[in-house]
Amino acid sequence: MNLAKFERRGYVKEATPIEFLPNFSKALGNKINVYIKRDDLLPGTSGGNKTRKLDFCIADALAKGADTIITCGAVQSNHCRLTLSWAVKEGLDCYLVLEERVKNSYKPEASGNNFLFHLLGVKGISVVEGGSNMMAEMEKVAEKLKAEGKKPYIVPGGASNALGALGYVSCMEEIMHQMFTQGLKFDHMVVPSGSAGTHAGIIAGMIGNNINIPVTGIGVNRPKAKQQEAVHSLANQALELIGVDARVPADKVVAYDDYVGPGYSLPTDAMVEAVKLLATTEGILLDPVYSGKAMSGLIDLARKDYFPQGANVLFLHTGGSPALYAYLDCFNK
Ligand SMILES: *Cc1c(COP(=O)(O)O)cnc(C)c1O
C-alpha cells in the first residue's frame, strides 16, 4: 500500500500522541484500559479530524488550479471551520453552505464554530433547509463564482470521499507505527462515525495492512444499517483508490445508533456525563456532537461488559471542542 503516490499539503507534520487514561479507566471501574488517540491536537484552527482529510483534498484542489473552496456542513460544523482555516492558510477564498438540520438552529451571532467562521474571514455563508441536496446547493454557489471568473473547487461534506478517507488510512498506519515503536497493544478501537470518512479510512487502513483489531463505530446521525452501508461502501472505494485488491467483509463494519439520542447535534444526558467525566478525570475536552456521544457509547459498552475484562481500548478523539461554547445551557443546568 503506497500512500506516498498521492499529493498532500503536509498539514500533518508529526504523529498525534496516544495517551493512557488511568483516572478515566479507574472511574469506569478499571474493567478496561482506555487509551486515547489525540487527533483533537492536529494542526489547523482548534484541531480535529478534518485536517487529515483536507491534507489530501486541498492538494487536489490546488493541483486543479482552484482559487476558491466551497464546502458544506451543519450550522456548528467543525469540518467547515477547518476547511476555512486551511483555505486561509493557502490564500484561497472559502464559501460555506450550512444545512439547518435542526429547524431554526442557525443563529448568525452564535458562539462556537459559527463565531470562528466570521473570525477566520469566511467569504460567504448560505444557509439551506435540512434535507437539502447539499451537492446541488454547493454547485449553485460554484456556478455563481465561475460567472465572476473564479475557479471554485467543491470539498464534499466532511471531506468524506475516497480521497479524504485516505487521511484515516494514513492515521491507521500512524497508529500501527506507534504500537510498534511504543510497544502498545490494542484489543479494540472505538471511533465516532458521522459522514463516514474517518471510520471508513480506519477500516480500509486495517484491511490494507492486515491489522485485525475490531473497530466499533458510534453513529451520531443515521440509523445503524444505513451508517454501516455508508462506511462499508466508502472503505471499499478507498481501497480501490489506493490499489488494494482486498475488499472489506461487511461484518467488519459496526456503527451503533444507540447513542444518537433525539437526533444529530441534539444533546443527550449521556453525552454531558461523558464530556464532564473526561474533563474532570483527565483534563481533555470532548465535543457535544461527535466525540462526546462516541465516548458516551464507550462508557455504556464498558459498563455492559462489551469489551473483555482487561482489554486495551483505543478511543479516537476526533476533536470538536469549539462547539462546546454553543452548548453552554446543557452543561450549566
Ligand atoms: C466530522 C467529525 C467527526 C466525524 O467524522 P466523519 O469522518 O464525518 O465520520 C467526528 N468528530 C468530530 C469532532 C468531527 O468534526
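Just so we're clear, the structure is a prediction, and the values are computed from it rather than from any experiment.

Draft legend 1. Looking closely at the site of the ligand. Among the 17 residues in the neighbourhood of the ligand, the closest are listed as Lys50, Lys53, Ser195, Thr198 and Thr318. Take Ala196: an N or O atom from its main chain is 2.9 Å from an oxygen atom of the ligand. Side-chain polar atom of Thr198 to an oxygen atom of the ligand: 2.7 Å apart, as the coordinates give it. Bound to the protein, the ligand loses 98% of the 380 Å² it would expose on its own. Looking at the shell around the ligand, the elements with two or more residues in it are helix 2 (50–63), strand 7 (188–193) and helix 7 (197–208).

Draft legend 2. Region of the structure containing unusual backbone geometry. With a phi close to 60°, Asn104 is a non-glycine residue in the positive phi region. Here Asn104 is to be found in the loop between strand 4 (93–100) and helix 4 (113–119). Phi angles above zero are rare outside glycine, and Asp305 is one such case at about 60°. Tracing the chain through its elements places Asp305 in the loop between helix 10 (291–303) and strand 10 (312–317).

Draft legend 3. Region of interest: the sheet that holds strand 5 (residues 124–129). With parallel pairing, four strands are arranged side by side in an open sheet as 5-4-3-6. If you trace the sheet from one side to the other, it starts and ends with strand 5 and strand 6 (152–154), each paired once. Here the average twist between neighbouring strands, direction ignored, is 25°. Bridge analysis of strand 3 (residues 68–74) against strand 4 gives seven bridges, and the strand direction is parallel. Paired with Thr68 across the two strands is Asp93, which belongs to strand 4. Contacts from helix 3 (residues 78–90) reach strand 3 and strand 4, with the element oriented near 165° to strand 3.

Draft legend 4. Quick look at the sheet that holds strand 8 (residues 215–219). Taken together, six strands build an open sheet; the order of strands is 1-2-10-7-8-9 and the sheet is mixed. Bordering the open sheet on either side are strand 1 (18–20) and strand 9 (255–256), each of which pairs with just one other strand. Both strand 2 (residues 33–38) and strand 10 contribute to a ladder of six bridges, which runs parallel. Within the sheet, the bridge partner assigned to Lys37 lies in strand 10 and is Leu316. Of the strands in this sheet, strand 1, strand 2, strand 7 and strand 10 are in contact with helix 6 (residues 162–182), which crosses strand 2 at around 125°.

Draft legend 5. Representation of the pairing of strand 3. For strand 3, the tally of buried residues reaches seven of seven residues, placing the bulk of the element in the interior. Crossover strand 3 to strand 4 through helix 3 is right-handed. As defined by bridge partners, strand 3 adjoins strand 6 across three bridges and the pair is classed as parallel. Paired with Ile69 across the two strands is Tyr153, which belongs to strand 6.

Draft legend 6. Representation of the environment of Pro223 within the structure. Secondary-structure assignment places Pro223 in the loop between strand 8 and helix 8 (224–242). Given a relative accessible area of 47%, Pro223 falls into the partly exposed group. Taking C-alpha positions, Pro223 is 27 Å from Leu28, a pair spaced 195 residues apart along the chain.

Draft legend 7. Local environment of the environment of Val102. Checked against the element boundaries, Val102 lands in the loop between strand 4 and helix 4. Counting along the chain gives 135 residues from Val102 to Gln237, while the straight-line C-alpha distance between them is 31 Å. Beyond its immediate chain neighbours, meaning those up to four positions away, Val102 contacts Tyr264, Ser265 and Leu266.

Draft legend 8. Spatial organisation of a nonpolar patch on the surface. Together, Leu285, Tyr325 and Leu328 give the surface a local cluster of nonpolar side chains, amounting to about 290 Å² of exposed area. Tracing the backbone shows Leu328 in helix 11 (residues 328–332). Assessed through its relative accessible area of 45%, Leu328 is described here as partly exposed.

Draft legend 9. View of the environment of Ser105. Mapped onto the fold, Ser105 is located in the loop between strand 4 and helix 4. Along the backbone, Ser105 and Ala136 are 31 residues apart, and their C-alpha atoms lie at a distance of 22 Å. In this structure the side chain of Ser105 is engaged in a polar contact, spanning 2.5 Å, whose partner is the backbone oxygen of Val102.

Draft legend 10. Representation of the packing of aromatic side chains in the model. What the rule picks out here adds up to six aromatic pairs. Ring centres 3.7 Å apart and planes at 10° place the aromatic pair Tyr11 and Trp86 in the stacked group. Here the residue Tyr11 occupies a position in the segment before strand 1, and Trp86 occupies one in helix 3, the gap between them amounting to 75 residues. Take Tyr11: its relative accessible area is 5%, and that puts it in the buried class. Taking the relative accessible area as the measure of exposure, Trp86 reaches 7% and is therefore buried. Pairing Tyr264 with Tyr290 gives two aromatic rings, centres 6.0 Å apart and planes at 70°, and the pair type is edge-to-face. Of this pair, Tyr264 sits in the loop between strand 9 and helix 9 (269–282) while Tyr290 is found in the loop between helix 9 and helix 10, placing the two residues 26 residues apart along the sequence.

Reading the values: the criteria
Per chain, residues are indexed from 1 in the order of the written sequence. Selection of residues for local features in this predicted model requires a pLDDT of at least 70, selection of side-chain atom pairs for listing and counting requires 80 or more, and totals for whole chains, interfaces and linings are taken over all residues. The basis for the side-chain values is all heavy atoms of the structure; hydrogens and waters are excluded. If even one non-hydrogen atom of a residue comes within 4 Å of a molecule or strand, that residue is called near it. Throughout this description, a polar contact denotes any pair of N or O atoms lying within 3.5 Å of each other; where both atoms belong to protein, one of them has to be capable of donating a hydrogen while the other can accept it, and for residues adjacent in sequence the pair is counted only when both atoms sit in side chains. Here the Shrake-Rupley method, with its probe set to 1.4 Å, supplies the accessible areas, and only the displayed protein chains count as covering residues. Secondary structure elements follow DSSP: runs of H or I of four or more residues count as helices, runs of E of two or more count as strands, with numbering from the N terminus. When DSSP finds two or more bridges between two strands, those strands count as paired. For helices, the fitted axis covers only the stretch in contact; all axes are lines through C-alpha atoms, and the angles between them, taken along N-to-C directions, range from 0 to 180 degrees. A contact between two residues is defined here by any heavy atoms of the two lying within 4.5 Å. Burial classification: accessible surface area is computed with a 1.4 Å probe over protein chains only, and a residue below 20% of its type maximum counts as buried, one above 50% as exposed, and the rest as partly exposed. If the strands point away from the viewer and the path from the first strand over the helix to the second runs clockwise, then the crossover is right-handed. Like-charged residues within 9 Å of one another, or nonpolar side chains (Val, Leu, Ile, Met, Phe, Trp, Tyr) within 5 Å, are grouped into patches, provided each residue has over 30% relative accessible area and no salt bridge. Just to be clear on terms, a salt bridge is a Lys or Arg side-chain nitrogen sitting within 4 Å of an Asp or Glu carboxyl oxygen. Pairing of aromatic rings covers Phe, Tyr and Trp, the last through its six-membered ring, and needs centres within 6.5 Å; plane angles under 30 degrees mean stacked, over 60 mean edge-to-face, and all others mean tilted.

All quantities given are derived from atomic positions and should not be read as evidence of function.
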